[in-house]
Amino acid sequence: MPKEIEYKMRGEISRLTNKTFKFDERVGEGWFSAVYFLKTREIAKKYKTNDIVTTQFFQKENAVLCGTDEVIALIKTFAEDPENLEIMSLKDGDKIAPYETVLSVTGPYQNFGFLEGVIDGIFARRTSVATNVYDVVKAARRSGSQKPVIFMGDRDDHFTQQAGDGYSAHIGGSTAQATHAMSEWWGKKGMGTMPHALIQLFRGDIVAATQAYKETYPEDELMALVDYNNDVITDALKVAREFGADLKGVRVDTSNGVVDQYFCRNPEVMGAFDPRGVNPELIFALREALDAEGYQHVKIVASGGFTVDRIAMYEDQQVPIDMYGVGGSLLKIHIGFTGDNVLLNGEHEAKSGRKHRPNPRLEKIN
């Protein structure tokens, strides 16, 4: 059965629906809504049945918007009489400015107002992740060529967030993700090669572990993790010599508290930089060692504590990294959204300091 994203890409549907998002049915019961919204809904039913409000949603950063399809599906699924609400929205992936209205909903308050906080939360998380990934992907091309970014956030948050985070990362520009769940909404499969645990099972024998991987997954591009023994260059050359053209890449994931054995053997190169972790000098030395023995085809993947600023610095220094694996820094929720009621029966009525901000970029949702 094709995923909804495939129908959307073919233009057969304009938005993803609850068939993709699979909301908890308790949303409709108000279980996830702030209690004061639920109380206001009951008061509106009693005293303001016929009044029409317009609620608009915005945030305060330059960002990459994500969550619009999810929010629209939420309203369509749980609002009362949703077909008679007027919904205006931007699209996932749109670049947005501070205070720009990204969504507006017009209708009786009691029909949709209780969803305000849930909508804010969806936008906040999805847009934060999409923007974080976008910034990292942008940084990863500062050297002149776009380096792929693997989204590796599985260990940095609760597993139930993976599908939404993976979709947000996709909107931000990540084309590879660590788990199948991260790719669930946008139709791909997770990718990955070997963890340290595989090498541990072979008592640190990187060649034996890589051979076992190759025999078990012959269809995969062969990628060896080479920092287990804290001797990146030695182990990279071992697997390169053993597997030759079959070896497509090596991944370096040295702990930020560890100094690689290369520097212990070559103390004369130290003194002007921090030798811990996956540092530029280690990657330069690894590239030089591989090239010297004719393994120019072997790509270098770097992971472990990478942030947008660190990637930008490495790119500016032309560090020969071909792909970055990034995790925790992409999941920082730093963009908050606000929903404001700004019109009452078509006339301005809003809290002090807020006003109706119509946006010609909004499209009407049918």
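Everything discussed here concerns the structure shown above.
Residues numbered from 1 in each chain as written. Predicted model: local features only at pLDDT ≥ 70, side-chain atom pairs only at ≥ 80, totals over all residues. Heavy atoms only, no water.

**Details of the sheet that holds strand 1 (residues 53-58)**
Line of reasoning, step 1. If you trace the six strands from one edge of the open sheet to the other, you get 13-12-1-5-3-14, paired in antiparallel fashion. Two strands lie at the open edges of the sheet, namely strand 13 (347-348) and strand 14 (363-364), each paired on one side alone.
Line of reasoning, step 2. By the bridge criterion, two bridges tie strand 12 (residues 338-344) to strand 13 in an arrangement that is antiparallel. Within the sheet, the bridge partner assigned to Leu344 lies in strand 13 and is Glu347.
Line of reasoning, step 3. Across the sheet, helix 4 (residues 68-78) lies against strand 3 (86-89) and strand 5 (103-107), angled at about 175° from strand 3, the strand it touches most. (Pairing = 2+ DSSP bridges. Helix = DSSP H or I, 4+ residues; strand = E, 2+ residues; numbered from the N terminus. Contact = heavy atoms within 4.5 Å. Axes fitted to C-alpha atoms, helices over the stretch in contact; angles between N-to-C directions.)

**As for the side chain of Ser183**
Line of reasoning, step 1. Mapped onto the fold, Ser183 is located in the loop between strand 7 (176-177) and helix 8 (196-201).
Line of reasoning, step 2. The residues contacting Ser183, other than those within four sequence positions of it, are Gln177, Lys188, Lys189 and Gly190.

**Brief notes about the nonpolar core**
Line of reasoning, step 1. Residues Leu247, Val250, Val252, Leu286, Leu290 and Phe306 are the most contacted members of the largest nonpolar core, which totals 54 residues.
Line of reasoning, step 2. Examining the composition of this core, we find that seven residues originate from one element, helix 10 (residues 232-243), more than from any other.
Line of reasoning, step 3. What Phe306 contacts, discounting residues up to four positions off in sequence, is Val278, Ile311, Tyr314, Ile321, Tyr324, Gly325, Val326 and Ser329.
Line of reasoning, step 4. Counting 46 residues, the second-largest nonpolar core is a separate cluster that includes Ile5, Ala79, Leu103 and Ile365. (Core = buried A, V, L, I, M, F, W, Y, C linked by side-chain atoms within 4.5 Å. Buried < 20%, exposed > 50% of the residue type's maximum accessible area, 1.4 Å probe, protein only.)

**Describing the sheet that holds strand 6 (residues 149-151)**
Line of reasoning, step 1. Reading across the sheet, the six strands line up as 7-6-11-10-9-8 and stay open at both edges, with parallel pairing between neighbours. The open sheet has two edge strands with one neighbour each: strand 7 and strand 8 (222-225).
Line of reasoning, step 2. As judged from the four bridges shared by strand 9 (residues 247-252) and strand 10 (residues 299-303), these two strands associate in the parallel manner. Among the inter-strand pairings, Val250 is bridged to a residue of strand 10, identified as Ile300.

**Section: the pairing of strand 3**
Line of reasoning, step 1. Side chains of strand 3 alternate between two faces, with Ile87 and Ser89 buried and Glu86 and Met88 left unburied.
Line of reasoning, step 2. Alignment of strand 3 against strand 5, held across four bridges, turns out to be antiparallel. Following the sheet pairing, Met88 is matched in strand 5 by Ser104.
Line of reasoning, step 3. Pairing geometry for strand 3 and strand 14, over two bridges, is antiparallel. Counted as the bridge partner of Ser89 is Glu363 from strand 14.

**Let's talk about the environment of Ile75**
Line of reasoning, step 1. Mapped onto the secondary structure, Ile75 falls in helix 4.
Line of reasoning, step 2. With a relative accessible area of 1%, Ile75 lands in the buried category.
Line of reasoning, step 3. Each C-alpha atom of the pair Ile75 and Phe112 lies 7.1 Å from the other, and the pair is 37 residues apart in sequence.
Line of reasoning, step 4. Setting aside residues no more than four positions away along its own chain, Ile75 makes contact with Pro82, Leu85, Ile87, Leu103, Val105, Leu115 and Ile119.

**A look at the packing of aromatic side chains**
Line of reasoning, step 1. For the structure on display, the rule yields 13 aromatic pairs.
Line of reasoning, step 2. On the basis of an interplanar angle of 80° and a centroid distance of 5.4 Å, the ring pair of Phe306 and Tyr314 is categorised as edge-to-face.
Line of reasoning, step 3. Following the ring pairs from residue to residue traces out a cluster consisting of Phe21, Phe23, Phe78, Tyr167 and Trp185.
Line of reasoning, step 4. In this structure, Arg41 packs its charged tip against the face of Phe114, placed 4.5 Å from the ring centre.
Line of reasoning, step 5. Between the NZ or CZ atom of Arg310 and the centre of the ring of Phe306, over which it lies, the distance is 3.9 Å. (Phe/Tyr/Trp six-rings, centres within 6.5 Å; stacked < 30°, edge-to-face > 60°. Lys NZ or Arg CZ within 6 Å of the ring centre and 35° of its normal.)

**Side note on the pattern of salt bridges**
Line of reasoning, step 1. Taken as a whole, this structure holds 25 salt bridges when the rule is applied.
Line of reasoning, step 2. With its nearest N and O atoms 2.9 Å apart, the salt bridge here joins Asp165 to Arg125. Placement of the pair is Asp165 in helix 7 (residues 162-172) and Arg125 in helix 6 (residues 116-139), with a sequence separation of 40 residues. Each of the two residues, Asp165 as well as Arg125, counts as buried.
Line of reasoning, step 3. Measuring nitrogen to oxygen at the nearest pair gives 3.0 Å for the salt bridge that ties Arg265 to Asp231. Here Arg265 is found in helix 11 (residues 261-265), whereas its partner Asp231 is found in the loop between strand 8 and helix 10, with 34 residues between them in sequence.
Line of reasoning, step 4. Classification of Arg265 as partly exposed rests on a relative accessible area of 42%.
Line of reasoning, step 5. The exposure class of Asp231 is buried, given its relative accessible area of 14%. (Salt bridge = Lys/Arg side-chain N within 4 Å of Asp/Glu carboxyl O.)

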